[in-house]
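# Understanding the architecture of this molecule
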Amino acid sequence: MAILEVKGIKKNFGKTEVLKGIDFTLEKGEVLSIIGSSGSGKTTLLRCLNSLEFADWGQIIVNGEVIYDGEVNRRPTEAELRKNRLHFGLVFQNFNLFPQYSVLDNVTLAPRLLKKGTAEEIESTAMELIESVGLKDKIYNYPCELSGGQQQRVAIARALAMKPEILCFDEPTSALDPELTGEVLKVIKSLADKHMTMIVVTHEMSFAHDVSERIIFMDDGVIAEQGSPAILDDPQSERLQSFLNSF
Amino acid sequence: MKKKVIIGVVSAAVIAVLGVFSFIVYFLPYDFSQTEASTAACDEYTAQASSDGSGEVILAEYESKNKESKGFQLNAKEDKSSPNGAFFMWMIDGSYDILGGNINNKVIRIAPKSDLKIMALFNDGSNAALANFKIVFSSLNEGFVQTLYLFAVTLLGAIPLGLIISFGSMSRFKPLSYFVRVIVWIVRGSPLMLQLLIIFYMPGMLFGPENNIWGGEESGRFAAAAVAFIINYACYFSEIFRGGIQGVPVGQHEAGQVLGLSKSQIFFKVTLMQMIKRIVPPMSNEIITLVKDTSLARIIAMQELIWAGQAFMKSSHGIHGIIWPLFATGIYYLAFSGILTLLFGWVEKKLSYFKV
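Residues numbered from 1 in each chain as written. Chains lettered and ligands numbered in written order. Predicted model: local features only at pLDDT ≥ 70, side-chain atom pairs only at ≥ 80, totals over all residues. Heavy atoms only, no water.

## What about the overall build of chain B?
Just so we agree on the cut-off: Here a strand is any run of E in DSSP of at least two residues, a helix any run of H or I of at least four, and the numbering for each starts at the N terminus. Exposure is judged per residue with a 1.4 Å probe applied to protein chains only, and the accessible area is read against the type maximum: over 50% gives exposed, under 20% gives buried, and values in between give partly exposed. Contacts are residue-level and defined by heavy atoms, with any inter-residue pair within 4.5 Å sufficient.
Each helix and strand counted, chain B has nine helices and nine strands in total. Buried residues in chain B amount to 43% of all 356 residues. Partitioning the intrachain contacts of chain B with sequence separation of at least 6 by distance along the chain shows that 76% fall at a separation of at least 24.

Now the structure itself:
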């Protein structure tokens, strides 16, 4: 059974149709990359999955359980939202670390507040995560003392601390210069090697090619083409061809 | 960094000057030995300077028995050791001032039925300036206490009210938010002095003196001033709070959401601290302005610091026509705002470990 099924997601902002019916499934341990030009609806799709936006139509099904149904004419309650969001983790384009907390506190804050174990367990898990993203020597530093790449690695550790089933990345390297991009991609690659289920919205074509099992190309609110990474070498649709040529 | 050092040095200097003044006033060896005289039951009252030399105080209480205004005479035996002693005298109820000079044959006029408490301070002249000092500063201290009191009450009232107003102006219910914004515009757009005058005088002027909710007492003046200050400062604070709340990037809220935090957890654990850091500099500005704005309460004759200092230009506590108490009031304001500047500098430093 697929860990995630997305069926017929549509989303309008006012009169603008941002998502015009998105369907895809994701298997456990699979890495899915979503590519496409700006404004094609990639970020909105991720935000719908994470319940930051609400689709107007369509269903989101996690492990066979319908967590969101656009046909049901009511917003999920606050408690339902919080439960739904815990299936997913989200790493933002601009990190959104909590500036007033140290690296360690950023990672432990949510598990502590949601009582995901004893203080010692939470801290030792957090330490392991921080070490796994290569920032063991920075645990007591504050976000303002870190480079962009380091901040994004902390953000990844923070998302992992809640043990999400599906980790989403919203253009995780777009705010970084090329030098720092590499260190973040390396962390994502290592997660892929550990078979973390991930959805990565990215503009890094060669990275998408290397790391993902499947690639979705979105254009103007629809999935224009999808398949194995080979579609990047041999695009079938004209739109994907012209998109790839722009790199 | 250099700026902070300068502020620190200047504040320290001002505090030191005030300290020296206090020292002169309170700690120089000056003997105000006090003698209590009996209460007079008739219109003529003889105050006796006791014979033990200079530096004497005559404290007398007099209750008028007559309905009509009567002359009231003070006589004092001359003391040989201080024949031309300077004489300061004031009444506790503040209704009369008595000229300084020789105590003999002073005539005081009092209102019918009024109770009168007379304090006379008699000294031999050599310490006249010092006695002046003591009188002026005790009067200024009283004014400063009122100033401080108004300052504290304004802060205590305006901060919560400002929060409520800021929520009102951010309300998604448009009529409420427009209404609140118009109120804020009116209050911020008109002079505080005008608001003070209207709030204090309007009830009595419109509904007659008997319906004047403030009454004619000092406590009523203070209450009116406090209401005006709280409303005015709440509106300024509300805009600062609004800026602080809206200034926290929406991404911070969303980061809390995707981690599964509740709304209150996000507010208290994520955004609150960032708001506080954002509002400290503008709040310190407003609060230091408030220190000085309390003097506007002078316009409705609230007996605050400026009122106390200005009174000596004409006549107060038996002292006439001196300007220096006004400068002294300036020192109080400087010292107080200096201390606040240091305090807020410290808070900002405490919060400088993170950037927003």
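Continuing now.
## So, the packing of aromatic side chains
Threshold: Whether two aromatic rings pair depends on their centres lying within 6.5 Å, for rings of Phe, Tyr and Trp, where Trp uses its six-membered ring; planes under 30 degrees apart make the pair stacked, over 60 edge-to-face, and the rest tilted. Sitting over a ring, as applied to charges here, requires NZ of Lys or CZ of Arg to be within 6 Å of the ring centre and within 35 degrees of the ring normal.
Under the counting rule described, the total for this entry stands at 17 aromatic pairs over all chains. Between the aromatic rings of Phe144 of chain B and Tyr332 of chain B, the centroid separation amounts to 4.9 Å while the plane-to-plane angle is 50°, which identifies the pairing as tilted. With Phe144 of chain B in helix α2 (residues 128-169) and Tyr332 of chain B in helix α9 (residues 324-350), this residue pair connects regions lying 188 residues apart in the sequence. Considered together, Phe144 of chain B and Tyr332 of chain B belong to a single accessibility category, that of buried residues. Counting every residue linked through ring pairs, the aromatic cluster contains Phe137, Phe144, Phe151, Trp324, Tyr332 and Phe336 of chain B. It is Lys10 of chain A that lies over the ring of Trp57 of chain A; its NZ or CZ is 5.7 Å from the centre.

## Remarks on unusual backbone geometry
Residues and elements named next belong to chain A. Phi is positive for Glu171, which is not a glycine, with a value near 45°. Mapped onto the fold, Glu171 is located in the loop between β7 (166-170) and α6 (178-193). Judged by its relative accessible area of 10%, Glu171 falls in the buried class. Unlike most non-glycine residues, His195 shows phi in positive territory, near 60°. With respect to the helices, strands and loops of the structure, His195 is situated in the loop between α6 and β8 (198-201).

## Observations regarding the sheet that holds strand β5 (residues 65-69) of chain A
Residues and elements named next belong to chain A. Keep this limit in mind: The rule for pairing is simple: two strands pair if DSSP sees at least two bridges between them. Convention adopted: a line fitted to C-alpha atoms gives each axis, helices being fitted over their contacting stretch, and angles between N-to-C directions are expressed from 0 to 180 degrees.
Taking strand neighbours across the sheet as the criterion, the four strands line up as β2-β1-β4-β5 in an open arrangement whose pairing is antiparallel. Where the open sheet ends on each side, the last strands, each with one partner, are β2 (16-26) and β5. Averaged over all adjacent pairs, the angle separating strand axes in this sheet is 20°, with direction ignored. Where strand β1 (residues 4-13) and strand β4 (residues 57-62) come together, five bridges link them in antiparallel fashion. Across the sheet, Val6 pairs through a bridge with Ile60, a residue of β4. Taken strand by strand, helix α1 (residues 42-49) contacts β1, β2 and β4, and its axis lies near 65° from that of β2.

## Quick word on a nonpolar patch on the surface
Residue and element names in this part refer to chain B. Rules: To count toward a patch, a residue needs a relative accessible area above 30% and no salt bridge. Like charges then connect within 9 Å, nonpolar side chains (Val, Leu, Ile, Met, Phe, Trp, Tyr) within 5 Å. Computed with the Shrake-Rupley method and a 1.4 Å probe, the accessible areas treat only the protein chains shown as cover for residues. Here a salt bridge means any side-chain nitrogen of Lys or Arg lying within 4 Å of a carboxyl oxygen belonging to Asp or Glu.
Taken together, the side chains of Leu194, Ile198, Met202, Leu206 and Phe207 make up a nonpolar region of the molecular surface, amounting to roughly 500 Å² of accessible area. Examined against the element boundaries, Leu206 turns out to sit in helix α4 (residues 192-207). With a relative accessible area of 56%, Leu206 lands in the exposed category.

## Some thoughts on the interface of chain B and chain A
The test is simple: Defined in terms of a 1.4 Å probe, buried area is the accessible area two parts forfeit on being brought together, summed over both. Definition of a polar contact: a pair of N or O atoms within 3.5 Å, with one able to donate and the other able to accept a hydrogen when the atoms are protein atoms, and with sequence-neighbouring residues admitted only if both atoms are side-chain atoms. Nonpolar residues are Ala, Val, Leu, Ile, Met, Phe, Trp, Tyr, Cys and Pro. Charged residues are Asp, Glu, Lys and Arg, and all others, Gly as well, are polar.
Taken together, the contact pairs 21 residues of chain B with 25 residues of chain A. Contact between chain B and chain A buries roughly 2,100 Å² in total, counting both sides, with carbon and sulfur atoms accounting for 62%. One can count one salt bridge joining chain B with chain A. A salt bridge links Glu254 of chain B to Arg47 of chain A; its shortest N-O distance comes to 2.6 Å. Viewed at the interface, chain A and chain B are joined by ten residue pairs in polar contact (both at pLDDT 80 or more). Secondary-structure elements contributing two or more residues to the side of chain B that touches chain A are α6 (250-258) and α7 (263-293) of chain B. The element best represented in the side of chain B that touches chain A is α6 of chain B, accounting for seven residues. In terms of residue class, the side of chain B that touches chain A is made up of nine nonpolar, eight polar and four charged.

## Description of the pairing of strand β10 (residues 222-227) of chain A
Residue and element names in this part refer to chain A. Strand direction decides the pairing type here: strand β9 (residues 214-219) and β10, joined by five bridges, are antiparallel. When the sheet's bridge partners are listed, Phe217 is paired in β10 with Glu225. The hairpin formed by β9 and β10 contains two residues between the paired strands, and Asp220 there has a positive phi angle of roughly 55°.

## Quick look at helix α3 (residues 103-113) of chain A
Where burial is concerned, most of α3 of chain A is hidden: nine out of the eleven residues are buried. Listed as buried for α3 of chain A are Val103, Leu104, Asn106, Val107, Thr108, Leu109, Ala110, Pro111 and Leu113 of chain A. At its buried positions, α3 of chain A is contacted by α4 (119-132) and α5 (148-161) of chain A together with α7 of chain B.

## Remarks on a positive patch on the surface
All names here are of chain B. For the record, the criterion: Just so you know, the count uses Lys and Arg for positive and Asp and Glu for negative, and it drops His and the chain ends. Charged groups are reduced to one reference atom each: NZ for lysine, CZ for arginine, CG for aspartic acid, CD for glutamic acid.
On the surface, a cluster of positive charge is contributed by Lys3, Lys4, Lys349 and Lys350. Looking at the secondary structure, you find Lys349 in helix α9. On the basis of relative accessibility, which here comes to 59%, the residue Lys349 falls in the exposed class.

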